[in-house]
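Summary of structural features
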Amino acid sequence: MVQKVFTILLYAAMVAGWFSTCYGEDGAVADAAVKSEEDKENGEVELRLYKGALLQGPSDQNRDDAVVVLLRRTDVEGRVILLEALGSKDNSEARKAVCRGLIKSREWSGSLKGANDFFEPLMGMLVEAEGDEAKLAAEALLMYPYYQVRNQIGKLVHGEGAVKNGRLNAIYYLSLVPGEKSAILELVDILVDEDKDVAAAAGEALPYWVPKGADRAEVVRDLQKKSPSEIIRDRIDYQRKEMRRLEDELKMWRDLYVKSLDAEYDTAAESDRGGILFSKLSAAPGVVKVWALQKVSQRSASVVLPAGFGDRLIGLLGDADREVRLETAKVLTKMSDELNPAEKLLESIKAEQDGGVRLAMFEALGEACYFAFSPNSAIKLPDGIRQETLKEAGEYVKQEDADSAKMGVEVIRKLLEPNKLAAEEKEKYLLMVAQRYSLEKGKGSVLEGDLLGSMAKICNQTANREKAGGLFKRSFIDGLAVKNPDAVRDASVTGLANLDKGIALSEFRSRKLYADGSVKVRTAVINIAGEAGKAEDLEWLLTKRGASNGEGGLVWDAMRSILQRQGSAVIVDWAEKLRSAGAGSEQVQGLLETGIKKAEGENNAEVLKLAKGKLRLLLIDGHITAGEFEKVAEVFTARLVEGDVSRGDRLAVRVDIYLGSEAEMDAKKKIVEILCGVKAAEDRVQGA
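Please read these numbers as outputs of a predicted model, since none were measured by experiment. (Residues numbered from 1 in each chain as written. Predicted model: local features only at pLDDT ≥ 70, side-chain atom pairs only at ≥ 80, totals over all residues. Heavy atoms only, no water.)

**Digging into the overall build of the protein**
When helices and strands are tallied, the protein shows 35 helices and 0 strands. Residues classed as buried in the protein amount to 44% of the 688 residues present. Here the analysis covers contacts within the protein between residues at least 6 apart in sequence; of these, 63% occur between residues at least 24 apart. Surface accessibility of the protein: about 36500 Å² in total, with carbon and sulfur atoms responsible for 51%. (Helix = DSSP H or I, 4+ residues; strand = E, 2+ residues; numbered from the N terminus. Buried < 20%, exposed > 50% of the residue type's maximum accessible area, 1.4 Å probe, protein only. Contact = heavy atoms within 4.5 Å. Areas by Shrake-Rupley, 256 points an atom, 1.4 Å probe, with all protein chains shown as cover.)

The following block contains the structure:
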């Protein structure tokens, strides 16, 4: 209440001064020629208000505001108030406020009028003041050029009767002077002071480290050679090195501590580990909480978390440590099916100031809502949570930042999947996604591919496919022609396939995307061909069957899937083509066997006979090559069931070719002997 009254009084005083300035010259309020007694009294009242705020104000802000106003005045009365405050040893807050005002005045355009009025009082403060008062006085002295302060500082350090407090304050001032050789040389002189505390303070104040026991003359010569900018550069370089050293040291100790935590955890029984993690989540150092959170993410299924763990974990969303909040959000993203953090996440997002942490919380919120609103979920949330989350997602989608826009679209995708939103709501957010992509389209950015990828996933949602297809299809088709990045073509292939694989494959075939430079695109097209391809797709697949890039297996799987959807005649025909193209006998055999079954189902005697003949010939070739003559005999036996085997039969011809080859005579005799033993039910092999 007191602070509020002071603020109102200060405001009233400022308005009074403004009113007098604006209307004091023109007879509208007062005669410009003669300053009335009333105006004089108003001015005195104004000064008393400022003085009261400075000397007795309830807050630093009140005091600082009063100082700024008084410094900008040019009258003696205002200056007297400031000087009295600066000299009031029993009113530390007022002294510090004046010093802060003088420091701030260095930022004003033009120099402070009458600045020298404050020189002696500030120098006096260096002698007797301590702590923050002394530091602020030293910083305020920077408003004067060093040559004006130099002699007085020298007296404070080396003068007769110099006191230790004043010497230390003077050293602090010298440490603030940027790039002044004489100030640095003064500090070098003090390094050998008899008072160890003073000498140590000078060492700490030097702009860069001077080795203990270094030759003072050499240090001085080195400094004399350097320009002020070089000295400042050396100072910055030293500070950077010191910062790196301290950071490395901190990391070393932190790593050692974490290793000790790992050792404690790893040696504990599985049944005790959940309790360890539970206790560490309430530890004071943030690094311990982060360690525990990471262990929660990595834990095995046998580590049982104790009762109350979820509440303690969710409570860390409000932790003071940024890294703890960030890691908590990451853990909750993976545990949304176990916990129910959505409401707390939404509340935390509204309060979070750090953009990176806020984004991680938002990702966790999207995942939590996805699980909660999925069918058969045990977690129940008010629909208002989903509406608020979608609204938040809409704000993220609009942002230029790639990570934010990507996450916004992903959360929209997740929350549109459960089919519980009104049609107009779905259309609103689908249109929002389409509009955001249109802003990114053609930029060749990573985000362009990411957004299109999310759009492709939306088109795989049964409830949203038709509406999404109407909004996104054109973008997918255009994306097929984008050369860079590859992710745009990849997402376009997936998106079109999710809408209609058959139509999509026709588009891919016409654009020859099966020969695309992207492995992902080629793989996707081959897989889609396997799912929805027709006989005509076998031709281009055959050209890729022997590819040396590891795609041969995918191509074969796709061809086999297509052939299984064809009639027996096509299967048998392609079995022969594949055999001629160098396909393995097992692959060809499998196709012929499939062809035989299909022909039997179709009652197609012609194809059935052809398929069996090709299969037997394939088997004979394999058995002869492997020296499996008994199996050759089995093939002949099966063939004889259908009728005699003439000398011109392809089976007999294949045996004749072998007998006329350069194979070993013993092997030839053996096959003849075995085949002579083949008997048929009514007939025997002609010419055997």
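**Side note on a nonpolar patch on the surface**
A cluster of nonpolar residues, Met252, Trp253 and Leu256, forms a patch on the protein surface that exposes about 330 Å² of accessible area. Inspection of the secondary structure puts Trp253 in helix α13 (residues 228-267). Assessed through its relative accessible area of 53%, Trp253 is described here as exposed. (Patch = residues over 30% accessible without salt bridge, like charges linked within 9 Å, V, L, I, M, F, W, Y side chains within 5 Å. Salt bridge = Lys/Arg side-chain N within 4 Å of Asp/Glu carboxyl O.)

**Remarks on the packing of helix α20 (residues 383-398) against helix α22 (residues 423-440)**
Packed helices, taken two at a time, are described by the angle their axes make and the gap between the axes. Interhelical geometry of α20 versus α22 gives an angle of 15 degrees and a closest axis separation of 10 Å. Taken together, α20 and α22 sit at an angle that is classed as roughly parallel. Read as a crossing pair, α20 and α22 show a hand that is left-handed. Side by side, α20 and α22 meet where Gln387, Leu390, Lys391, Gly394, Val397 and Lys398 of the first sit next to Glu425, Tyr429, Met432 and Arg436 of the second. (Axes fitted to C-alpha atoms, helices over the stretch in contact; angles between N-to-C directions. Parallel < 35°, antiparallel > 145°, perpendicular 65-115°, else oblique. Left-handed = near helix turned anticlockwise from the far one by under 90°.)

**As for the packing of aromatic side chains**
In the structure shown here, the tally under the stated rule is 8 aromatic pairs. Centroid distance Tyr146 to Tyr173: 6.4 Å. Interplanar angle 20 degrees. Geometry classified as stacked. Here Tyr173 lies in helix α9 (residues 164-176) and Tyr146 lies in helix α8 (residues 146-158), a separation of 27 residues in the sequence. Under the relative-accessibility criterion, Tyr146 is labelled buried at 7%. (Phe/Tyr/Trp six-rings, centres within 6.5 Å; stacked < 30°, edge-to-face > 60°.)

**Concerning the packing of helix α7 (residues 131-140) against α9**
It is at 9 Å that the axes of α7 and α9 come closest, and there the two elements cross at 45 degrees. Taken as axis vectors, α7 and α9 run oblique relative to one another. The two elements α7 and α9 cross, and the hand of that crossing is right-handed. Facing Ala134, Lys135, Ala138 and Glu139 of α7, the residues of α9 in contact are Asn169, Tyr172, Tyr173 and Leu176. Its residues assigned to classes, the contact of α7 with α9 shows 5 nonpolar, 1 polar and 2 charged. (Nonpolar A, V, L, I, M, F, W, Y, C, P; charged D, E, K, R; others polar.)

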